[in-house]
Amino acid sequence: SLHDALPIYCYGTKVTVEAEIENGYEFDGWTGSGNNNLSYSFYISQDVSFVVEAKPASGKAQYYRNFTDSDKANTSQKFYYTCPNQRFDSCEWTKSGYYFGGWAESRNGDVIYPNACSVNPKWILENKPSKKLYARWQPNVYTFRFVNSSEMDPMNINADYENQITLPNIEGVR
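On a predicted model such as this, the values are computed, not experimentally measured, just so you know.

Take unusual backbone geometry next. Of note, the amide linkage connecting Lys 128 to Pro 129 takes the cis form, showing an omega dihedral of 5°. Within the secondary structure, Pro 129 sits in the loop between helix 2 (121-126) and strand 8 (130-139). One non-glycine residue, Asn 66, lies in the positive phi region at around 65°. With respect to the helices, strands and loops of the structure, Asn 66 is situated in the loop between strand 5 (58-64) and strand 6 (74-80). One non-glycine residue, Cys 91, adopts positive backbone phi at about 65°.

Rendered as structure tokens:
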């Protein structure tokens, strides 16, 4: 039996047990000991039994809205190593004239995590307890089409929300 394979210690002997936790889990204490250290030492004074407790590892994305350099608006989302199909949230923020392009790791950085990107369990382990992510806003692009009355080829002008355009001086533009 398993019990027969366990070591036997004499009364008064100092014993140290250490928890071994699988990748993707975090130590959560010892059942029956009241001790919350990964390593636990005690003196044998009676028959004892301890069970190591573990919980799925978790990490948190701390999202920043990032409208301007001084914008401090933020929210967070927690991820768990054992949960499948987790995705980075767009937080339902909107910015007039822009669309949400994804998340960067700095205010002006490139998008690393596109909108609704899956969260890899490895990301959770590498970025716990939390990782700051900044929204990256891309300007909407508008196309203006000009057609004159003499039916010559139409002219298209593309402009984004941040640019001004000058209308062409075409006779008969409507």
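Don't stop here, the text continues.
What follows deals with the pattern of salt bridges. Applying the stated criterion to the full structure yields 5 salt bridges. A salt bridge links Glu 26 to Lys 128; the shortest N-O distance between them is 3.5 Å. In this pair, Glu 26 sits in strand 2 (residues 25-31) while Lys 128 sits in the loop between helix 2 and strand 8, placing the two residues 102 residues apart along the sequence. Residue Lys 128 is classed as partly exposed on the basis of its relative accessible area of 37%.

Here we have 4 strands laid out as an open sheet, ordered 6-5-8-7, and mixed in their pairing. With partners counted over all chains shown, the strands left at the sheet margins are strand 6 and strand 7 (98-104), one partner each. In this sheet, adjacent strand axes meet at a mean angle of 30° when their direction is disregarded.

If you look at the biggest cluster of nonpolar residues, it comprises 16 residues, and the most contacted ones within it are Ala 61, Tyr 63, Phe 79, Phe 88, Trp 103, Trp 123 and Leu 133. Breaking this core down by element, the ones donating at least two residues are strand 5, strand 7, helix 2 and strand 8. In this structure, Phe 88 is in contact with Ala 61, Tyr 63, Gln 77, Phe 79, Trp 103, Tyr 113, Ala 116, Cys 117, Ser 118, Val 119, Trp 123 and Leu 133, ignoring residues within four places of it in sequence. Counting residues in each nonpolar core, the second largest holds 7 residues, with Val 15, Trp 30, Tyr 40 and Ile 44 among its members.

Let us now look at the layout of surface pockets. Here the largest pocket is characterised by a volume of approximately 690 Å³. Leu 6, Pro 7, Tyr 9, Val 48 and Ser 49 are the residues nearest the centre of the largest pocket, which is lined by 20 residues in total. Tallying contributions element by element places strand 1 (residues 14-18) first for the lining of the largest pocket, with 3 residues. Residues that form the lining of the largest pocket fall into these classes: 13 nonpolar, 3 polar and 4 charged.

With that out of the way, let us pick up the packing of aromatic side chains. Overall, the coordinates contain 13 aromatic pairs when judged by the stated rule. On the basis of an interplanar angle of 65° and a centroid distance of 6.0 Å, the ring pair of Phe 27 and Trp 30 is categorised as edge-to-face. Judged on exposure class, the residue Phe 27 and its partner Trp 30 are both buried. Geometrically, the ring pair formed by Phe 100 and Trp 137 is edge-to-face, given 5.7 Å between the ring centres and 70° between the ring planes. Of this pair, Phe 100 sits in strand 7 while Trp 137 sits in strand 8; the two residues are 37 residues apart in sequence, bridging distant segments of the chain. Members of the aromatic cluster, joined through ring pairs, are Tyr 63, Phe 67, Trp 93, Phe 100, Trp 103 and Trp 137. Above the ring of Phe 67, the side-chain terminus of Arg 65 is found at 4.3 Å from the ring centroid. It is Lys 95 that lies over the ring of Tyr 98; its NZ or CZ is 4.4 Å from the centre.

Rules used in this analysis
Residues numbered from 1 in each chain as written. Predicted model: local features only at pLDDT ≥ 70, side-chain atom pairs only at ≥ 80, totals over all residues. Heavy atoms only, no water. Helix = DSSP H or I, 4+ residues; strand = E, 2+ residues; numbered from the N terminus. Salt bridge = Lys/Arg side-chain N within 4 Å of Asp/Glu carboxyl O. Buried < 20%, exposed > 50% of the residue type's maximum accessible area, 1.4 Å probe, protein only. Pairing = 2+ DSSP bridges. Axes fitted to C-alpha atoms, helices over the stretch in contact; angles between N-to-C directions. Core = buried A, V, L, I, M, F, W, Y, C linked by side-chain atoms within 4.5 Å. Contact = heavy atoms within 4.5 Å. 1 Å grid on protein atoms, 1.4 Å probe; cavity = no way out; pocket = protein on both sides within 12 Å on 5 of 7 lines; lining within 4 Å. Points joined across faces, edges and corners; volume = space filled by probe spheres on them. Nonpolar A, V, L, I, M, F, W, Y, C, P; charged D, E, K, R; others polar. Phe/Tyr/Trp six-rings, centres within 6.5 Å; stacked < 30°, edge-to-face > 60°. Lys NZ or Arg CZ within 6 Å of the ring centre and 35° of its normal.

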